[in-house]
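Chain and residue survey
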Amino acid sequence: MHIVVCIKQVPDSSQIRVHPVTNTIMRQGVPAVVNPYDLFSLEEALRLKDRVGGRVTVLCMGPPQAEMALRKAISFGADHAILVTDRAFAGSDTLATSFALASAVRQIGRDMAVDLVFCGKQTIDGDTAQVGPGIAKRLDLQLLTYVSQIDAVDPERREIVVRRRAEGGVQVLKTRLPCLITMLEGSNELRFATQAGIFRAARYPVQRWDSKAAGIEDPSRVGLKGSPTVVRKVFAPTPNTQRADLISCESGTPEDLAATLLAKLTTRNPELAALLGRAGMQETGR
Amino acid sequence: MNTPAARRPAGRKLELDPRLAAYQGVWVFVEHERGQAHPVSWELMGEGRKLADQLGVPLAGVVLGAPGEPTRQFCQLAFRYGADRCYLIEDPALADYRNQPFTQGLTELVNAYQPEILLLGATTLGRDLAGSVATTLQTGLTADCTELTIDPENRSLAASRPTFGGSLLCTIVTLNYRPQMATVRPRVMDMAPYEATRGGEIVEHPLRLVETDILTKVLDYIPDNRQDRPQLAFADIIVAGGRGLKQPENFELVWELARVLGAEVGASRPVVQAGWVDPERQVGQSGRTVRPKLYIAAGISGAVQHRVGMEGADVIVAINSDANAPIFDFATYGIVGNALQILPALTGACRQHLALTQRAG
Ligand SMILES: Cc1cc2nc3c(=O)[nH]c(=O)nc-3n(C[C@H](O)[C@H](O)[C@H](O)COP(=O)(O)OP(=O)(O)OC[C@H]3O[C@@H](n4cnc5c(N)ncnc54)[C@H](O)[C@@H]3O)c2cc1C
Ligand SMILES: Nc1ncnc2c1ncn2[C@@H]1O[C@H](COP(=O)(O)O)[C@@H](O)[C@H]1O
């Protein structure tokens, strides 16, 4: 089986700070990481390879330094890594990104036909969950999103059975290979990199493809030109000027504070008074 | 690279191609599963009504499902929640959600009847479908919007959403492509008012796809055991705890107050990550959005990523030992104090209050 995993390098958003005065993003020193959601897909791809054999190729589109993300994937056991990098991609929205990645997957398939493409559920920076579905549509692959488990895969009969999280339950779906899967977070636990893996990753020559090498004939379909959506403005959430009614009382014991709060809640908010009355009935009913 | 805000707001023209000006009307995709409409559909209907009125165009619901009364019933509901019209595809292949037939059906409807705006819920179904339809139609899609407005100058949809880990918002427009698509998470918008006597026109359309052409088959469906899963989104009262509770044992104080109030329990992200509570209880940008009548936050600082998930609550009570905690900037009532003492006191006071009201009632 040939499995392609799309991984994105993202800024570690837990470390992003906004400048309190200028409202601009302070990017300096923010470490870049592999999008955490993509790691569940990488692990699942490696498990499938362990089960049925084959090859795992990791694919990333991004600036040259995104090579680090691919090296990381190699250290866990991916076989090949391709970085699609070109100035022409700057400003791509999800439609343009999925166009470029789909084109690269097609290119990868020339070497060895691709049976499965994995994407993360979503990214933590773009956070759209659209690139996966976008790639699937462009490559005319069956799309299985929010997969929590792969029950069976049969490379000979070209079939796969998965469990997919729906809103109110779990669907068990069978589909034809090739297909595109996005894994649900928490569905597996990423393995540790082996010594040999780390060693291989350090020396691994990550392939770099510009837009031509990625098979993109028409540069107007990527980057700003290929993006229907445009960011009009970026702004900070409006600070609420109305501060909380701070409850204090003379003695200030917890009991007094609690009583004062409850009195305010029930006298100033009639709806809450009714609700808090009902709540007790429920408790006695339990 | 698809980080929206990483992009220069280029000086591109905003005039619409005349070919695209033919696209008119606002559509809301009516999501349903196992005979139940997802409430996000009616929240979107309320929002869609406002946009349609502002544009002076009709509002339509879109219903795809198996042939029969249950599916048609969703059209009636759509009218009662404000739709003027409903586009309906009934086909056995649409009995369960599958990407291929739903994408085909919705794409065909759009091409046939040309709406200018198409809204879907940012649910597992809605996100799966929206991404596929937008790519097939080659149009723009803005995910997880928190605010939708019409630009009065050029009638385009201005969709705002959090960016950069939620610390900032950005407004996104779709230029020279139609329809303009957006998804909105459940509980972000207000529910549309229900009018039992409202009706509308149903426009039927065939699905040009037969079962043998659909490559994905549903082998089974295992419904969630409702009792097992927390129902935060529709709880009237939520008691939530954060890192300020310090020890996992202390979280029991939150559970106790919740039990007395018949409330659901929520939590901030650090508490979930530390494994004190189930991830389904996380409130905020990467958790649930909630809209209770009362939200009690104990030991929660009120970081913007938490705030976006709960600021729709009618009344917010904050208990925090730091008078400068950001949560006091948007809470309704605040107690500056130690949650480990205030929570049990509040539990006691509520128990007493309830005993009294019950005796009185
Ligand atoms: C991309 C991204 C997504 C995120 N998504 C979410 C999300 O969905 N939900 C979410 O909650 N967070 C989310 N976060 C994290 C968020 O930024 C905050 O870090 C988090 O909400 C803080 O949780 P907290 O308030 O419990 O903890 P802290 O920020 O540590 O605050 C603890 C508070 O408790 C108070 N305190 C301490 N002791 C006591 C006491 N004895 N009594 C009363 N008060 C006390 C302190 O004064 C403090 O205000 C996200 C972050 C990022 C970057
Ligand atoms: N620049 C990129 N390079 C590689 N994969 C990407 C890129 N952008 C998005 N993806 C994939 O698409 C998924 C969804 O991304 P998004 O639509 O941005 O939430 C990610 O989890 C990745 O698997």
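Quantities reported herein were computed from a predicted structural model and do not represent experimental measurements.

It is worth spelling out the overall build of chain A at this point. In terms of regular secondary structure, chain A is built from 7 helices and 15 strands. Relative to a compact globule of 286 residues, whose C-alpha radius of gyration would be 19 Å, chain A shows 25 Å and is clearly more extended. On the principal axes, the C-alpha backbone points of chain A span a range of 75 × 50 × 40 Å. The buried share among the 286 residues of chain A stands at 54%. Within the structure as shown, chain A displays about 12900 Å² of accessible surface, and the carbon and sulfur contribution to it stands at 52%. Between the averaged position of the 36 positive side-chain charges in chain A and that of its 30 negative side-chain charges there is a distance of 5 Å.

Every one of the 29 residues lining ligand 1 counts as a neighbour, but Ser268(B), Ser286(B), Ser301(B), Gln305(B) and Asn320(B) are closest to it. Neighbouring residues of ligand 1 are not confined to one chain but are distributed across chains A and B. Between Arg243(B) and ligand 1, the recorded distance is 2.8 Å, taken from a backbone N or O atom to an oxygen atom. Gly244(B) places a polar main-chain atom, nitrogen or oxygen, 3.3 Å from a nitrogen atom of ligand 1. Contributing elements (two or more residues each) for the shell around ligand 1: α7 (269-273), α8 (304-310) and β17 (315-320) of chain B. For the shell around ligand 1, the residue count by class is 6 nonpolar, 19 polar and 4 charged.

In this section: the domain arrangement of chain A. Assigned domains of chain A: these are domain 1 (2-221) and domain 2 (254-285). Measuring from the centre of the C-alpha atoms in domain 1 of chain A to the corresponding centre in domain 2 of chain A gives 50 Å.

Let us now look at the interface of chain B and chain A. Residue-level contacts link 100 residues of chain B with 97 residues of chain A. Carbon and sulfur atoms make up 58% of the area that chain B and chain A hide from each other, which totals about 8700 Å². Ionic pairing is found between Lys293(B) and Glu271(A), a salt bridge with its closest N-O pair at 3.8 Å. At the boundary of chain B and chain A, one finds 34 residue pairs in polar contact (both at pLDDT 80 or more). Here the element with the most residues in the side of chain B that touches chain A is helix α9 (residues 339-360) of chain B; it accounts for 10 residues. Across 6 bridges, the pairing between strand β14 (residues 229-235) of chain A and strand β10 (residues 168-174) of chain B is antiparallel. Paired with Val234(A) across the two strands is Cys170(B), which belongs to β10(B).

Rules used throughout
- Residues numbered from 1 in each chain as written.
- Chains lettered and ligands numbered in written order.
- Predicted model: local features only at pLDDT ≥ 70, side-chain atom pairs only at ≥ 80, totals over all residues.
- Heavy atoms only, no water.
- Helix = DSSP H or I, 4+ residues; strand = E, 2+ residues; numbered from the N terminus.
- Rg over C-alpha atoms; globule rule 2.2 N^0.38 Å.
- Buried < 20%, exposed > 50% of the residue type's maximum accessible area, 1.4 Å probe, protein only.
- Areas by Shrake-Rupley, 256 points an atom, 1.4 Å probe, with all protein chains shown as cover.
- Lys, Arg positive; Asp, Glu negative; His and termini not counted.
- Charge placed at Lys NZ, Arg CZ, Asp CG, Glu CD.
- Near = heavy atom within 4 Å.
- Polar contact = N/O pair within 3.5 Å; in protein donor to acceptor, adjacent residues only side chain to side chain.
- Nonpolar A, V, L, I, M, F, W, Y, C, P; charged D, E, K, R; others polar.
- Domains from an automatic or database assignment.
- Contact = heavy atoms within 4.5 Å.
- Buried area = accessible area lost by both parts, 1.4 Å probe.
- Salt bridge = Lys/Arg side-chain N within 4 Å of Asp/Glu carboxyl O.
- Pairing = 2+ DSSP bridges.

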